[in-house]
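Results of the structural survey
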Amino acid sequence: MTGQPPTGERYNAFTGLMREVLDGNVDRRDLLKRAGAAGLSGAAIASLLVGHSRAGAQGTPSALSGQTIDMAILGIEGWPPSALGTSLATELFAPYAQETYGYTVNFSFEGAPFDQLFQRAVNSLSTGSAEYNIIISDSQWLGALAEPGYILQLNDIIASTPELAAIEFEPTAIAGYQTYPDGSDQLWGLPQEGDTVALFVRQDLMTDETNRTDFEATAGFPLPQTYEDWEQIDMDQYEAICAFFTGRQEGLYGTALQWSVGYDFISCYLYPFMFSTGGQIIEGDVGTYKVEGVLNSQVNADAMVRNKGLLQYAPPNATTFDIGAEFDVFTSGTVATCMQWSALGPQMLNQLVGADMGTPADTSKPVSPDDVLIVPPPGFRAADGTLTRIYTLGGQPWVINAANDEAHRQVAIDFMKWWYLPETQLEFARRGGNPCVTAVLDDPSFEDIQPHFRAFKYMLRDGRSRDFWHDPNYSEMLRAQQEAFSAYLTDVVTDPMVALTYAACVQQGILYDAERTEIEPTGACDDVSLG
């Protein structure tokens, strides 16, 4: 893309004019006059003129007018953002397509759990099947889906589609959900759901006067009361808060994180302890990837010790905690705080989606929306006093099946154009979804739409969230790492460096065997094991 996409009010003006252009409701002279009055850039005006020329040349709403197209979406089973994407497609895009393009579209959804979705997708895509026309992919799968040609590269589609070319996405979203190889200009996905780690806090416990008095007398600093207070909390202070609430009431604990060996749960919630203190997990590019000597560093070993230390403030069996377990212990009133994906903001609040704010989804649960404050997770304070937060990026992109015929491909593109309209993105947000369009995040009303949006937006920006490998060997590398990290957390091995070295050696071998690097594992890897 050339030039700068319009943002804020200019973006809304651009998309409004583009809809008029494609509907044939504006002539060229009026288009130029109104685009100039809106302050649109030369690049944006050029996109409008291209659209105007195409609309005039087509003469009909769509080549698919009068047809019925069945579209299948594959996504994450039980994951609210995936379900939301499909429900919006059925409720809102289908009538929009009928009115705008003249065709009928029916959407179906199939889902699989996080740890099974990749294999479900690859089993279908590898046969050349168009069984799933659009897939909600985890971001780390971009390489594994792009390199075999399973999904469409989107650069040319975006460049030739003015509505998509005009959109400015958050830089973290571009790097995490769209780009492969890392650092290149090749785009393979479009953001479906942005996601960052947030801290969910039992505000009713924090504001209790007895708790406040006792805590300050014990810890020497006050319990944080506001979002702004929590922005200044470092990991030492957070541990003091967790220690205070553990056992404060019968059955109450200080914290919950994801420590399960399943899928990427441990990795995503251990990485922040590494990234925020200067740790790295891989260096180099294709051909020079180096994991051994990078992952197994002293900084990362110290990070593992610190992460494991929080287990003493967590409920029993916390080393099995995944996303669902965290939801259960927080909404049941078992923990005072919980680090969790912001995508589950409404669910963690026990908020009934679509109802007035503060309406519980489950009145039998002791935690109600009014009891919860959503804030950034704790920072890590350096020796010079600076506070650093670099947490793991969650979220998923849309990807388009390369095996689609022309009709299904066109509907997929039409759907993407519609998905990023301001009104669609705002409706997505109103229902609990996390947009990644900069103009939407910068809307003055955005942070008031959902209680978690302020923390989500804060963590999405300024390098506070980071994705990890997009390499095609992601799943094999992840499996070895999860095994190693879990071995340390569950005391199968007691030295964090042993776990890190095992993971680093296996990953270096995977990359070498796959000819992704010329660097072989060293002889130090020969005798490394987990027991």
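Summarised in this report is the structure supplied together with it. A quick note: this is a predicted structure, and the numbers were derived from the prediction, not measured. (Residues numbered from 1 in each chain as written. Predicted model: local features only at pLDDT ≥ 70, side-chain atom pairs only at ≥ 80, totals over all residues. Heavy atoms only, no water.)

In this section: the sheet that holds strand β3 (residues 134–136). With mixed pairing, the five strands of this open sheet are ordered in space as β2-β1-β3-β11-β4. Two strands in the sheet have a free side with no partner beyond their single neighbour: β2 (104–112) and β4 (190–195). Ignoring which end each strand starts from, the neighbouring axes of this sheet average 15 degrees apart. In terms of strand pairing, strand β1 (residues 68–76) meets β2 through nine bridges, oriented parallel. (Pairing = 2+ DSSP bridges. Helix = DSSP H or I, 4+ residues; strand = E, 2+ residues; numbered from the N terminus. Axes fitted to C-alpha atoms, helices over the stretch in contact; angles between N-to-C directions.)

Let us look at the nonpolar core. Core analysis: the largest hydrophobic core is formed by 110 residues, its most contacted members being L145, W230, Y238, F245, M274 and M339. Sorting elements by how many residues they give to this core places helix α14 (residues 265–275) first, with nine residues. Not counting the four nearest positions on each side in its chain, M274 is found in contact with G279, I281, N300, A303, M304, F485 and L500. Counting residues in each nonpolar core, the second largest holds 53 residues, with L88, I157, A173 and V440 among its members. (Core = buried A, V, L, I, M, F, W, Y, C linked by side-chain atoms within 4.5 Å. Buried < 20%, exposed > 50% of the residue type's maximum accessible area, 1.4 Å probe, protein only. Contact = heavy atoms within 4.5 Å.)

Another point: the packing of helix α15 (residues 298–309) against helix α24 (residues 496–513). Remark: α15 packs on α24, axes separated minimally by 9 Å, with the N-to-C direction vectors making an angle of 120 degrees. Between α15 and α24, the angle is such that the two are oblique. Crossing geometry of α15 relative to α24 is assigned as right-handed. Across the interface between the two elements, Q298, N300, A301, M304 and V305 from α15 touch P496, M497, A499 and L500 from α24. Residues that form the contact of α15 with α24 fall into these classes: seven nonpolar, two polar and no charged. (Parallel < 35°, antiparallel > 145°, perpendicular 65-115°, else oblique. Left-handed = near helix turned anticlockwise from the far one by under 90°. Nonpolar A, V, L, I, M, F, W, Y, C, P; charged D, E, K, R; others polar.)

Remember that the coordinates give geometry; whether it matters functionally is a separate question.
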